[in-house]
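# Coordinate analysis (summary)
In case you want the letters, here they are:
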Amino acid sequence: MIGSIVSAVIIGAIIGALARLIVPGRQNFSWGLTLVVGIVAALIGTLIASALGFANTRGIDWWEHILQLALAVLGVLLVVQMGARKTR
């Protein structure tokens, strides 16, 4: 249980940072929010991958990580759009 939480935080931080690098332009929000977006994307991605049956494969679960990264990119785009609406 504790190992799962720690791995979710670590994977979430990596995925959130990668998503922020992939999204073009400047993002005006904190790294803490990036971590939250990454963790949420990692958890949702794992749930979807488990439901589709490709979360537990031998070796590295590349498809699961790609799904998590795609969800994190969508999350970063959503946060950027929400921030743009507040400044208008």
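Position numbers for residues start from 1 in each chain and track the written sequence from start to end. Residues qualify for local features only when their pLDDT is at least 70, as the model is predicted, and side-chain atom pairs are given and counted only at 80 or more; totals for whole chains, interfaces and linings, by contrast, use all residues. Calculated side-chain values reflect all of the structure's heavy atoms, with hydrogen atoms and water omitted.

Before going further, it helps to examine the layout of surface pockets. When its volume is computed, the largest pocket comes out at roughly 230 Å³. The pocket and cavity definitions rest on a 1 Å grid over protein atoms only: a 1.4 Å probe that fits but cannot leave marks a cavity, an open set with protein on both sides within 12 Å along at least five of seven lines marks a pocket, and residues lining either have an atom within 4 Å of a point. What lines the largest pocket is a set of 13 residues, among which Ser 7, Ile 11, Thr 46, Glu 64 and Gln 68 lie closest to the centre. Contributions of two or more residues to the lining of the largest pocket are made by α1 (2-22), α2 (31-52) and α3 (62-87). Each helix is a run of DSSP H or I of at least 4 residues and each strand a run of E of at least 2, with the numbering of both proceeding from the N terminus. At four residues, α1 tops the list of elements feeding residues into the lining of the largest pocket. All residues other than Ala, Val, Leu, Ile, Met, Phe, Trp, Tyr, Cys, Pro, Asp, Glu, Lys and Arg, Gly among them, are scored as polar; the first ten of these are nonpolar and the last four charged. Looking at side-chain class alone, the lining of the largest pocket contains five nonpolar, six polar and two charged residues. Grid points are joined across faces, edges and corners, and a volume is the space filled by probe spheres set on the points.

What follows concerns the confidence of the model for the chain. Each residue carries a pLDDT score, the predictor's confidence in it, ranging from 0 to 100. In the predicted model, the chain carries a mean pLDDT of 85, and the fraction of residues at 70 or more is 95%. The least confident element of the chain is α1, whose mean pLDDT is 86; the most confident is α2, at 89.

Moving on, we get to the nonpolar core. In this structure, Ile 15, Ala 19, Val 23, Phe 29, Val 37, Ala 41, Ala 72, Val 73, Val 76 and Val 79 together form the largest nonpolar core, which totals 10 residues. Contributing elements (two or more residues each) for this core: α1, α2 and α3. Per element, the largest residue contribution to this core is four residues, and it comes from α3. Two residues form a contact once any of their heavy atoms are found within 4.5 Å. Sequence-distant contacts of Ala 72, defined by excluding residues within four places in its chain, comprise Ile 15, Ala 19, Val 37 and Ala 41. Here, nonpolar core means buried Ala, Val, Leu, Ile, Met, Phe, Trp, Tyr and Cys residues that are tied together by side-chain atoms lying within 4.5 Å of each other. Relative accessibility decides the category of a residue: with a 1.4 Å probe and only protein chains considered, values under 20% of the type maximum give buried, values over 50% give exposed, and everything between is partly exposed.

Counting through the fold element by element, Gln 27 comes out in the loop between α1 and α2. N or O atoms within 3.5 Å of each other form a polar contact, as long as, within protein, one can give a hydrogen and the other can take it, and as long as residues adjacent in sequence are counted only when both atoms are side-chain atoms. In this structure the side chain of Gln 27 is engaged in a polar contact, spanning 3.0 Å, whose partner is the backbone oxygen of Val 23. Discounting chain neighbours no more than four positions away, the residues touching Gln 27 are Arg 20, Val 76 and Val 80.

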